[in-house]
Amino acid sequence: MEERYCLLMRRDLTGPQLAPQWPAGVSLQSYSLELAPQVHHLMQLGYLDGGGRVPDLDTWRKAFETDAEYDPDLCLVLLEAGHVIGVAQCWTSAYLKDLVVHADARGRGLGRALLQQVFVMFAERREERLDLKVLEDNLRARRLYDSAGMQVVRRERGP
């Protein structure tokens, strides 16, 4: 089996941050228990191409909601017509754990807008930087992160 690598990427948050532009009909809110099934399903879809897996709903929710770095205000959820179409799951340590946009909603700038909202959110919390890890071969995500000013800090063995 071929070894996979991931990149630790970082973005400086000490300067001004651009406010995201949301398409009409798309709303942003924080994670809530009522949204858990839809958020979980989207997270599962996000891992279909590899790089990890999401356990069953109850196991995921318990692990997610009891993690020491969990804060529901740091899990951003995009809704359109009552459906979850995007999620940015962050930890209190200014770390972006997951960013997923539903395949049917891609190509509309939602990933970029979610990422910009994450930058704004952590800058408002007076964090100096945001970190994330991305699989080296996840070119779509890497293009987004590169274009948003994120820099590679190091290369690590992946999952």
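Refer to the structure printed above.
Residues numbered from 1 in each chain as written. Predicted model: local features only at pLDDT ≥ 70, side-chain atom pairs only at ≥ 80, totals over all residues. Heavy atoms only, no water.

Chemist: Whenever I open this one, the nonpolar core confuses me. Can you help?
Modeler: Note that soluble globular proteins tend to have their nonpolar side chains buried in a common cluster. Counting residues in each nonpolar core, the largest one holds 30 residues, and the members touching the most others are Leu 96, Leu 115, Val 118, Phe 122, Leu 130 and Tyr 145. Breaking this core down by element, the ones donating at least two residues are strand 1 (5-12), strand 3 (75-80), strand 4 (83-91), strand 5 (95-101), helix 3 (110-124), strand 6 (129-135) and helix 4 (139-147). Broken down by element, the residue count for this core peaks at 7 residues, all from helix 3. Contact partners of Tyr 145, with chain neighbours within four places excluded, come to Met 9, Leu 99, Leu 115, Leu 132, Val 134 and Met 150. Grouped together as the second largest cluster of nonpolar side chains are 18 residues, Ala 36, Met 43, Trp 60 and Val 84 included. (Core = buried A, V, L, I, M, F, W, Y, C linked by side-chain atoms within 4.5 Å. Buried < 20%, exposed > 50% of the residue type's maximum accessible area, 1.4 Å probe, protein only. Helix = DSSP H or I, 4+ residues; strand = E, 2+ residues; numbered from the N terminus. Contact = heavy atoms within 4.5 Å.)

Chemist: How should I be thinking about the pattern of salt bridges in this particular structure?
Modeler: In total, this model carries 10 salt bridges according to the counting rule given. For the salt bridge of Glu 65 with Arg 61, the shortest nitrogen-to-oxygen distance reads 3.4 Å. Placement of the pair is Glu 65 and Arg 61 together in helix 2 (residues 57-66), with a separation of 4 residues, close to one helical turn. With its nearest N and O atoms 2.6 Å apart, the salt bridge here joins Arg 154 to Glu 156. A relative accessible area of 16% means that Glu 156 is categorised as buried. One salt-bridge network, held together by shared partners, links Lys 133, Arg 154 and Glu 156. (Salt bridge = Lys/Arg side-chain N within 4 Å of Asp/Glu carboxyl O.)

Chemist: In this structure, what is going on with the packing of aromatic side chains? I would like to understand it.
Modeler: Two aromatic rings, taken as a pair, are described by how far apart their centres are and by the angle between their planes. Summed over all chains, the structure comprises 6 aromatic pairs. Here Tyr 31 and Tyr 70 contribute two aromatic rings whose centre-to-centre distance is 6.3 Å and whose plane-to-plane angle is 85 degrees, an arrangement assigned as edge-to-face. Of the two residues, Tyr 31 is situated in the loop between strand 2 (26-30) and helix 1 (36-46) and Tyr 70 in the loop between helix 2 and strand 3; the sequence distance between them amounts to 39 residues. On the accessibility criterion, Tyr 31 (5% relative accessible area) is buried. Aromatic side chains Trp 60 and Phe 64 sit 5.1 Å apart centroid to centroid with 10 degrees between the ring planes, which places their arrangement in the stacked category. (Phe/Tyr/Trp six-rings, centres within 6.5 Å; stacked < 30°, edge-to-face > 60°.)

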